[in-house]
Every structure is written in structure tokens, then in C-alpha cells.
Amino acid sequence: MWHRIIIAAGSLAGCTGVALGALTAHKFSAQLDAHALASLRSANLYLLIHALLLVVIGVWLRAAPSGVMLRIAGALCATGIVCFCGGLALSAISSNAAFARAAPAGGLAFMAAWLSLAAAAISD
């Protein structure tokens, strides 16, 4: 069951990343300043990379359903997407810097997700 949830979350994140990329290129490029556009591009890049990571984790978890570290990695990756990518994107689009305060926590969640993935690989 967890593998399906994680793969679905990764798929939704990937779709969101494609949509954000299109909006950044076509709608926001004329409306936002260079700093906001750079933030959106960073959010988009990390969103797409970590969407793929979620799918990989889900596929791996399907083969190893008892993988606690894989479930932790998936949860941390999803947290990173919401905090880092969501925080940067909302801050750039709304011009409200308060949203960007979540980005450092999201970055730490991404790093912890990658380390959890390494732990899962070693413990398998």
C-alpha cells in the first residue's frame, strides 16, 4: 500500500513540476522580477528531481515492502517538496517572503531523505 501512495505522490509532484515550469516560462516571466523567477526555477528543478525520487522510492518499496528506511525517505522527500519547493514558489508568486522561511527546513528534509535512502541501500 505505501508504495502506491509514494508513487502517486511522486507522479502528482511531477505533474506539478511540469505545470510550474510552463507557468514560469510563459506567464510569470513577464510578471516577476529576476530574483522571483530564479526562485521559481530552483523550486521547479528540485520539484522535478524529487518527484522522480519519490517514484523510485515507491518502486523500490514495492520490492521491499518492509523497508522502514524507504518509508522514512519517502516521507522526508514529500516534506521537502512541500516546504522547499512550495515555500520558494509561494514566496516568489505572492511576493511574501514569509513563505520562503519554510525552505531551509525543506532542504534539510531533502538531505535527510537522501541519507535515509543510503541507509536503506546499506541495510538491504
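Colleague: What should I look at first to understand the nonpolar core in this one?
Modeller: As a rule of thumb, soluble globular proteins bury nonpolar side chains together. Membership of the largest hydrophobic core comes to 30 residues, with the highest contact counts inside it found for Leu40, Ile57, Leu70 and Ile81. Counting only elements with at least two residues in this core, the list comes to α1 (2-26), α2 (34-63), α3 (68-94) and α4 (103-123). Looking at this core element by element, the count peaks at 10 residues for α2. Those residues within four positions of isoleucine 57 in sequence are excluded, and the remaining contacts are Ile6, Leu70, Ala73, Gly74 and Leu117.

Colleague: Even after reading the chapter, I still don't get the side chain of asparagine 44, so can you show me in this structure?
Modeller: Along the chain, asparagine 44 turns up in helix α2. When its relative accessible area of 14% is taken as the criterion, asparagine 44 is described as buried. The contacts of asparagine 44, once residues within four sequence positions are left out, are Gly17, Leu20 and Gly21.

Colleague: How should a nonpolar patch on the surface be read in this particular structure?
Modeller: A cluster of nonpolar side chains, Leu45, Tyr46, Ile49 and Trp114, forms an exposed patch at the surface whose accessible area comes to about 390 Å². When residues in the nonpolar patch are grouped by element, the largest group, three residues, is from α2. Its location among the elements puts isoleucine 49 in helix α2. Overall, the relative accessible area of 40% leaves isoleucine 49 in the partly exposed class.

Colleague: Would you take a moment to explain the packing of aromatic side chains for this structure?
Modeller: One pair of aromatic rings is described through two measures. These are the centre distance and the angle between the planes. Enumeration according to the criterion identifies three aromatic pairs in this entry. Their ring planes at 50 degrees and their centres at 4.8 Å tell us that tyrosine 46 and phenylalanine 84 sit as a pair that is tilted. Taken together, the positions of tyrosine 46 in helix α2 and phenylalanine 84 in helix α3 put the pair 38 residues apart, joining distant regions of the chain. Considering the side-chain rings of tyrosine 46 and phenylalanine 110, the 6.1 Å spacing of their centres and the 20 degrees angle between planes classify their relative orientation as stacked. Taken together, the residues tyrosine 46 in helix α2 and phenylalanine 110 in helix α4 connect sequence positions 64 residues apart. Looking at tyrosine 46, the relative accessible area reads 35%, which means it is partly exposed. A residue is classified by how much of its surface remains accessible, and phenylalanine 110, at 4% relative accessible area, is buried. Taken together, the ring pairs connect Tyr46, Phe84 and Phe110 into an aromatic cluster.

Colleague: Honestly, α3 in this entry has me stumped. Any pointers?
Modeller: Three- or four-residue spacings in an α-helix give side chains the same orientation, since the helix completes a turn every 3.6 residues. Helix length check: α3 (27 residues) gives 37 Å between terminal C-alpha atoms against 39 Å at 1.5 Å per residue, within 8%. By the largest-angle criterion, glycine 86 marks the main kink of α3, which is about 30 degrees. Looking one or two residues past α3, serine 95 carries a phi angle of roughly 60 degrees, positive in sign.

About the cut-offs
Going along each chain's sequence as written, the residues are numbered from 1 onward. Note on the predicted model: pLDDT of at least 70 is required for a residue's local features to be given, and 80 or more for side-chain atom pairs to be given and counted; whole-chain, interface and lining totals, by contrast, use all residues. Side-chain numbers here rest on the full set of heavy atoms in the structure, without hydrogens or water. What makes a nonpolar core is a set of buried Ala, Val, Leu, Ile, Met, Phe, Trp, Tyr and Cys residues whose side-chain atoms join them at distances within 4.5 Å. Remark: exposure states derive from per-residue accessible area (1.4 Å probe, protein chains only) relative to the maximum for the residue type, with buried under 20%, exposed over 50%, and partly exposed in between. Working definition: helices are DSSP H or I runs of at least four residues, strands are E runs of at least two. Numbering for both runs from the N terminus. Residue contacts are counted whenever heavy atoms from the two residues lie within 4.5 Å of one another. Grouping into patches uses exposed residues only, defined as over 30% relative accessible area, and leaves out salt-bridged ones; the cut-off is 9 Å for like charges and 5 Å for nonpolar side chains (Val, Leu, Ile, Met, Phe, Trp, Tyr). To measure how exposed things are, a 1.4 Å probe is used in the Shrake-Rupley method; for residues, cover is taken only from the protein chains shown. Any Lys or Arg side-chain nitrogen located within 4 Å of an Asp or Glu carboxyl oxygen qualifies as a salt bridge. The rule is short: rings of Phe, Tyr and Trp, with Trp giving its six-membered ring, pair when the centres are within 6.5 Å, and they are stacked under 30 degrees, edge-to-face over 60, tilted in between. Helix span, as expected, comes to 1.5 Å for every residue beyond the first. Working definition for bend: take the seven residues up to and ending at a residue and the seven starting at it, fit an axis to each, and measure the angle between the axes.

Read these as spatial facts, not as claims about activity.
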